[in-house]
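Each chain, written out:
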Amino acid sequence: MTPKLFLQNTWKHRAHVVMALPAFLVLFFIMYVPMTGLILAFKTYKANMGIYASPWNGINNFKFLITSKDIFFRMTGNTLLYYAVFTILGTLLNVVLAIAIDQFVFKQAAKVMQTIMIIPVFISFAAVQFIVFAFLDRDTGLLNRLFNADSPIPFYAAQAKQYWPVILTIVKIWNSVGYGSVLYMSVLAGIDTEQYEAADIDGANKWQQIIHVTVPALYPMITVMLLLSVGGIMKSDTGIFYQVTRNTTGLWDTTQVIDSYILHSILNNPNYGFTAAASLFQSVVGLLMMLLANGLVRKLEPDNALF
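The text that follows walks through the structure, step by step, so that each part is easy to find. All of these numbers come straight from a predicted model, not from anything done at the bench. (Residues numbered from 1 in each chain as written. Predicted model: local features only at pLDDT ≥ 70, side-chain atom pairs only at ≥ 80, totals over all residues. Heavy atoms only, no water.)

## Points about unusual backbone geometry
Part 1 of the reasoning: Even without being glycine, Arg-246 reaches a positive phi, approximately 60°.
Part 2 of the reasoning: With respect to the secondary-structure elements, Arg-246 resides in the loop between helix 12 (238-243) and helix 13 (252-255).
Part 3 of the reasoning: Exposure remark for Arg-246: the relative accessible area of 33% places this residue in the partly exposed category. (Helix = DSSP H or I, 4+ residues; strand = E, 2+ residues; numbered from the N terminus. Buried < 20%, exposed > 50% of the residue type's maximum accessible area, 1.4 Å probe, protein only.)

Structure below.
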């Protein structure tokens, strides 16, 4: 499109342009302008000089990130492991819960259950940490009082770090599964009932109808959700890893991920160039993984690809 044609088309649809302008400006200033700060990944930040006047240092920040082998491989491994567990288990439970509610005989009760299940997603992890602490505290925690009164487990100490992958998984599932199942329930609501009637006539029982009618109808939504999540493969919910664990140093071997490491670094040793490099590393890896996953899906199931 030539510049002249572009201007003519814009003027022709000026009413739509004016309507879209506020949303465009919000998106531009909140999402795109801050991205100029990524140049910090290639600079040594000096507070008295500001972002743009600070001296360049090439890729030294990235070298420092990668050469910190113990920290880098530990937090990267934890990030990938938690992503895999949360994604696989979360998707499975989302689908199972959606199907269970959809098949529930008492529809009014199902709606009440659905409303109750989405409440946890609105509770901040700043509040969740106190709930978890009430269960796990060595002296007053509910679990220790009920099961280990004689020899309480110090969950917030290094000797109990092996429990935290399970604890964090339970907290994450509690927080997200109810809300995540809503998307799949919207798909189930759109399935043509004639498919179930045809399966019933063919002699399929309820379980067979779920396997051969319900689950295949969910494949496109599952694929789209997985593709969207792959873009955040190197990112984690800072709240659950930083706040729920109370950033306890002794637990870092099993709980520290890249995002919680960045936040800890900013608060305790503000090397903004290094933290910007870590964030850029996350974003680039996430972009490449999403492009790779989308390309693979496009080859296997073109209709389910994002683009």
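## Here's the deal with the packing of aromatic side chains
The description of two aromatic rings rests on the distance between their centres and on the angle between their planes.
Part 1 of the reasoning: Under the criterion given, the structure shown has 13 aromatic pairs.
Part 2 of the reasoning: Taking 6.1 Å as the distance between ring centres and 20° as the angle between the ring planes, the aromatic pair formed by Phe-24 and Phe-28 counts as stacked. Taken together, the residues Phe-24 and Phe-28, both in helix 2 (residues 14-32) and 4 residues apart, mark about one turn of the helix.
Part 3 of the reasoning: Each ring, one from Phe-72 and one from Phe-73, has its centre 5.4 Å from the other, and the planes form 75°; the classification is edge-to-face.
Part 4 of the reasoning: The exposure class assigned to Phe-72 is buried, which follows from its relative accessible area of 8%.
Part 5 of the reasoning: Judged by relative accessible area, Phe-73 falls into the exposed class, the value being 53%.
Part 6 of the reasoning: One aromatic cluster is present, formed by Phe-24, Phe-28 and Phe-29 through successive ring pairs. (Phe/Tyr/Trp six-rings, centres within 6.5 Å; stacked < 30°, edge-to-face > 60°.)

## As for the packing of helix 7 (residues 125-136) against helix 9 (residues 164-189)
Part 1 of the reasoning: Direction vectors running N to C along helix 7 and helix 9 enclose 130°, while the axes themselves pass 12 Å from each other. When the axes of helix 7 and helix 9 are compared, the pair comes out oblique. In this structure, helix 7 crosses over helix 9, and the sense of that crossing is right-handed. Taking contact as the criterion, the partners of Phe-125, Val-128, Val-132 and Leu-136 in helix 7 are, on helix 9, Trp-164, Ile-167, Val-171, Trp-174 and Asn-175.
Part 2 of the reasoning: Residues belonging to the contact of helix 7 with helix 9 are distributed by class as follows: 8 nonpolar, 1 polar and no charged. (Axes fitted to C-alpha atoms, helices over the stretch in contact; angles between N-to-C directions. Parallel < 35°, antiparallel > 145°, perpendicular 65-115°, else oblique. Left-handed = near helix turned anticlockwise from the far one by under 90°. Contact = heavy atoms within 4.5 Å. Nonpolar A, V, L, I, M, F, W, Y, C, P; charged D, E, K, R; others polar.)

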